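What follows is each chain in one-letter form.
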Amino acid sequence: MSVHTLPLPKAGCAEPDIIRERGQHEVFCGLTGIVWLHRKIQDAFFLVVGSRTCAHLLQSAAGVMIFAEPRFGTAVMEERDLAGMADANEELDKVVARLLDRRPDIKMLFLVGSCPSEVIKLDLSRAAERLSRHYSPEVRVLNYTGSGIETTFTEGEDRCLAALVPELTDATSEAPELLVVGALADVVEDQFARLFAEIGIERVSFLPPRNSRALPPVGPNTRFLLAQPFLGETARCLTERGARHIPAPFPLGAEGTTAWLGAAARAFGADPMAFRHATAAAEARAKRALQPFRDEMAGKTIFFMPDSQLEVPLARMLSRELGMEPIEVGTPYLHRAHLAEELKLLGSDVQLSEGQDVERQLDRVRAARPDVTVCGLGLANPLEADGLTTKWSIELIFTPIQGYDQASDLAGLFARPFDRKTRLRV
Amino acid sequence: MQLTVWTYEGPPHVGAMRVATAMTDVHYVLHAPQGDTYADLLFTMIERREKRPPVTYTTFKARDLGSDTAALFKSTLESAHERFKPAAMLVGASCTGELIQDDPAGLAKAANLPCPVIPLELPSYQRKENWGAGETFYQIVRHLAAREGVEPVAGKPQGRVPRCNILGATALGFRHRDDVMEITKLLKENGIEVAVVAPLGASAADIARLPDADFNVLLYPEIGEQAARWLKRTYGQDYTTTVPIGVGATREFVAEVRRLAGLDALPDRSDAGRLPWFSRSVDSTYLTGKRVFVFGDATHAVAAARVATEEFGFELVGLGTYSREQARAVREAAQAHGLTALITDDYLDVEQAIAEAEPELVLGTQMERHIAKRLGIGCAVISAPVHVQDYPARYSPQMGFEGANVLWDSWVHPLVMGLEEHLLGMFREDFEFSDTAKPSHLGPGQRVSEAPAAEPALRPLAEEGPIRIWSADAEAELKKIPFFVRGKARKNTERFAAERGLAEITLETLYDAKAHFAR
């Protein structure tokens, strides 16, 4: 294969083993994050400024159209917008006026940039400022990009949260505050809130909030803990506001959850006894729940195609807590600093890959014939038809998997394909 | 700019993918940003195909825009050719690829590949999926079926079995696979051989053989008509104009193909499947005048309107399409039923029109299924776009006589059955006959309530007159009318009262109105 040999920036000296490829990327763009973000922030609307392709992607990625009128939509650009016959900003103002007229319940509007809006250099930040002035204080208008040329799948959430950071008020209290960053299922968020309280961390807030009017404050007394591994830009913006990052593995599995909570506990100088008291029972329960899965899954090989950037933490959890053997852990982007704790736990003998040439990677999958391949929806059935077992990666984003009481649910997601294979006699 | 919530059609390059995926040995190289690969899942998940679509994407990113995206396209094209060794290649751009103006056609020409390369110009900001599929198929036919110095000949078999092609079926089509099987069987029964089916299942070599047939059967005009016209112009091949959906249309289709094949007309009309008898069976009396709303692509919508009225005895209360290119046929059909066609691709307009028409059955796409579910109305799917459950495991064509049998089963199923409907009417106050109960044959559960307050979906009705005051006993009486006709009764009564300037609607007004509107 002659083609995908465009020069890549040379990696640092530490990891000679990482496969870095440039070719067809079989991943969603950042717009996809809207599918969960529009449910998480209950009074926000996501208006993609893009093309019919963008609208079609959201509809197809959402899978089922649960909502007659979801809190997202697309302002589809047409020939006249591009040919300069219509002023794009005037057109956008009209669309927004119609939308807000229909949906008076909307308090925060995100203008979401797309590939075509980026390429024609439509300045959505100025549009957002203009519209914000017009609709303030009823509606706040923000913007971020979810375009495929800038963002990969979960990075859309990163950009969305980063756009919220300038909106956060300055924290005024002297006491340290904990900010948990990254969209989590409501049930998981509630569990973590209870655990932090028991550990003795009193002031805890979450970003994104469930309501746009409940944005947490931020300042030099803020310590933040990432709940998701794909939040590089958000973390950078928070740091600029004076907040400090608490390095930690991610809360996947019993071990990961304890380490994640523990990092916060240490940063807040919590009483170790209180920490053990708060977490020991839950951790033991999670380990008990994982045991039957470990019996079933230990020794099975697993191959991760790049998708959500959750791949490294998932591989760590599946190898250390279930005894699975990662063959290759592919990720669209390896955020070295945020994954530092994870990589230590995962060990250096695991083959990592960053970026993608999907054809060459599929060659490796077919050669290795892993027991399970984690991949996107476009690849799963063709691999199954080749006799390989797959796990849809998107389910890992749409399912509560973080925390002690979801550890066995997470294991169950990987066990189910095997369970099914065992049952079927056709 | 147009505000879109849900879309009926994808962009035109998805139409091109439907054609490429339908064929056996072509490969499509698409200049597209990262993320556009989502379209693969339409084929592998919704249609459950076992192979990835034969599409390679350049998946350029922002950093490539600063350097050389044209080089990226060229190297992607060459490596895709080397890996897949297709018989022909399609090259083009998605909406963003179009904006960066790298000229895939010129780059492909310069690459000088040892196979035909067909450039596609699909204007993403003007056109949509079906148009893209039609244009792609046309370009493939023009490039691969062109012959030097061939005189147009009329389609006459010379001492051999008449032969036709079947045009228009693609991947991700609504029941295309089964329709092709059914129509192939029907043609065979009539002594007509099928030479090539295209694009579904065709190779590049098959496309080159298209001119050898006597005539073309055009099943899906949205996709195949442009190519069929070109074949007619170039090789004198006639093509069919009847789409065989329903018993009547299938009979006309048989007559048309026999004429095109130079065969005698068939006098025998007996073998028409079960629909005619089922529809005449006395238990079907309750179907008479059921109010039905039809929306879909133009071909399926027009066909459904005819079948619903002529073969089921329904009353058509709405007809529309999202395909503006074929709007004329739909307008004409609607006019014939005294209706104004609804031509829109705005899901919210369709929802409003359905709510206002108060049908008892909706025949539509997956969008209308959602609308109908919310409004508590039965629905059957008759047209793309459809979801995974509309790719059934069983054989279930829409076309031909077996297709008509399938229509019978799938359209009657969502309705309340004959005697059940009477019982609902007679014993309104039975505690188990609540309005939220679903028809018994649809299993346990509740109807989805109408537009919840948190999601105001319906705009106020356009012609809402002054609100009439219902007396308590009239209101109570109204509730005894089954829910699926209650809205109509309420509206009729209010109109009746308004026309007569009545300030209050009493029991008498209700029954006066009933008598007035009864025919």
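Note that the coordinates shown come from a computational prediction; the quantities given were computed from them, not determined experimentally.

Chemist: An account of the UniProt feature "binding site: [4Fe-4S] cluster" (unreviewed entry) in chain A is requested, with residue identities and associated values reported.
Modeler: Sequence positions flagged by UniProt for "binding site: [4Fe-4S] cluster" (unreviewed entry) are, in local numbering, Cys29(A), Cys54(A) and Cys115(A). Their sequence span is 87 residues, while the largest C-alpha to C-alpha distance among them is just 9.5 Å; these annotated residues converge on one region. Within the secondary structure, Cys29(A) sits in the loop between β1 (19–22) and α1 (34–40). You can call Cys29(A) buried: its relative accessible area is 6%. Beyond its immediate stretch of four places on either side in the chain, Cys29(A) contacts Leu57(A), Gly146(A), Ser147(A), Gly148(A), Thr151(A), Thr152(A), Phe153(A), Gln34(B) and Gly35(B). Structurally, Cys115(A) is set in helix α5 (residues 115–119).

Chemist: Lay out the domain arrangement of chain B with the relevant residues and their values.
Modeler: Here the domain parsing of chain B yields domain 1 (12–145), domain 2 (163–261), domain 3 (274–415) and domain 4 (469–518). A C-alpha centroid distance of 59 Å is found between domain 1 of chain B and domain 4 of chain B.

Chemist: Describe the state of the cysteines, and please don't skip the residues or the numbers.
Modeler: One pass over the full model with this rule turns up zero disulfides over all chains. No disulfide involves Cys160(A); its sulfur sits 12 Å from the nearest other cysteine sulfur, which is in Cys237(A). Looking at Cys160(A), the relative accessible area reads 0%, which means it is buried. Cys95(B) takes part in no disulfide bond, and the closest cysteine sulfur to it belongs to Cys54(A), at a distance of 5.9 Å.

Chemist: Outline the pairing of strand β4 (residues 108–113) of chain A, supporting the account with residue identities and numerical values.
Modeler: Residue and element names in this part refer to chain A. Here β4 lies mainly inside the structure; six of its six residues are buried. Here β4 shows a buried face lined by Met 108, Phe 110 and Val 112 and a second buried face lined by Leu 109, Leu 111 and Gly 113. Bridge count between strand β2 (residues 44–50) and β4: six bridges; the pairing is parallel. Following the sheet pairing, Val 48 is matched in β4 by Val 112.

Chemist: Describe the interface of chain B and chain A, and please don't skip the residues or the numbers.
Modeler: Chain B puts 68 residues into the contact, and the matching count from chain A is 73 residues. Summed over both partners, the interface of chain B with chain A buries about 6200 Å², with 58% contributed by carbon and sulfur atoms. Between chain B and chain A we count four salt bridges in total. Arg22(A) is the partner of Asp64(B) in a salt bridge, and the nearest nitrogen-oxygen pair spans 2.6 Å. Our count for the contact surface shared by chain B and chain A stands at 26 residue pairs in polar contact (both at pLDDT 80 or more). Per-element tally for the side of chain B that touches chain A: the top contributor is helix α4 (residues 69–84) of chain B, with seven residues.

Chemist: Go over the domain arrangement of chain A with me, naming the residues and quoting the values.
Modeler: Residue and element names in this part refer to chain A. For chain A, the assigned domains are domain 1 (18–25 + 290–425), domain 2 (30–151) and domain 3 (177–274). Put simply, the middle of domain 2 and the middle of domain 3, counted by C-alpha atoms, are 29 Å apart. Counting residues at the interface gives 12 residues for domain 2 and 12 residues for domain 3. Taking both sides of the interface into account, the surface hidden between domain 2 and domain 3 amounts to around 920 Å²; carbon and sulfur atoms contribute 49%. One can count two salt bridges joining domain 2 with domain 3. For Glu 189, the salt bridge is made with Lys 40, and the minimal N-O distance between the two is 2.6 Å. Applying the counting rule to domain 2 against domain 3 returns eight residue pairs in polar contact (both at pLDDT 80 or more). With three residues, α1 is the single largest residue contributor to the side of domain 2 that touches domain 3. Looking at the side of domain 2 that touches domain 3 residue by residue, the classes come out as six nonpolar, one polar and five charged.

Chemist: Summarise the UniProt feature "binding site: [4Fe-4S] cluster" (unreviewed entry) in chain B; cite the residues concerned and give the values.
Modeler: Following the UniProt record, the feature "binding site: [4Fe-4S] cluster" (unreviewed entry) maps to Asp36(B) here. Looking at where Asp36(B) falls in the secondary structure, it is placed in the loop between β2 (26–31) and α2 (40–46). Take Asp36(B): its relative accessible area is 8%, and that puts it in the buried class. Setting aside its immediate chain neighbours within four residues, Asp36(B) contacts Thr53(A), His13(B), Tyr57(B) and Ser94(B).

The rules behind each value
Residues numbered from 1 in each chain as written. Chains lettered and ligands numbered in written order. Predicted model: local features only at pLDDT ≥ 70, side-chain atom pairs only at ≥ 80, totals over all residues. Heavy atoms only, no water. UniProt positions renumbered as here; feature names shortened; annotations may be inferred. Helix = DSSP H or I, 4+ residues; strand = E, 2+ residues; numbered from the N terminus. Buried < 20%, exposed > 50% of the residue type's maximum accessible area, 1.4 Å probe, protein only. Contact = heavy atoms within 4.5 Å. Domains from an automatic or database assignment. Disulfide = S-S within 2.5 Å. Pairing = 2+ DSSP bridges. Buried area = accessible area lost by both parts, 1.4 Å probe. Salt bridge = Lys/Arg side-chain N within 4 Å of Asp/Glu carboxyl O. Polar contact = N/O pair within 3.5 Å; in protein donor to acceptor, adjacent residues only side chain to side chain. Nonpolar A, V, L, I, M, F, W, Y, C, P; charged D, E, K, R; others polar.

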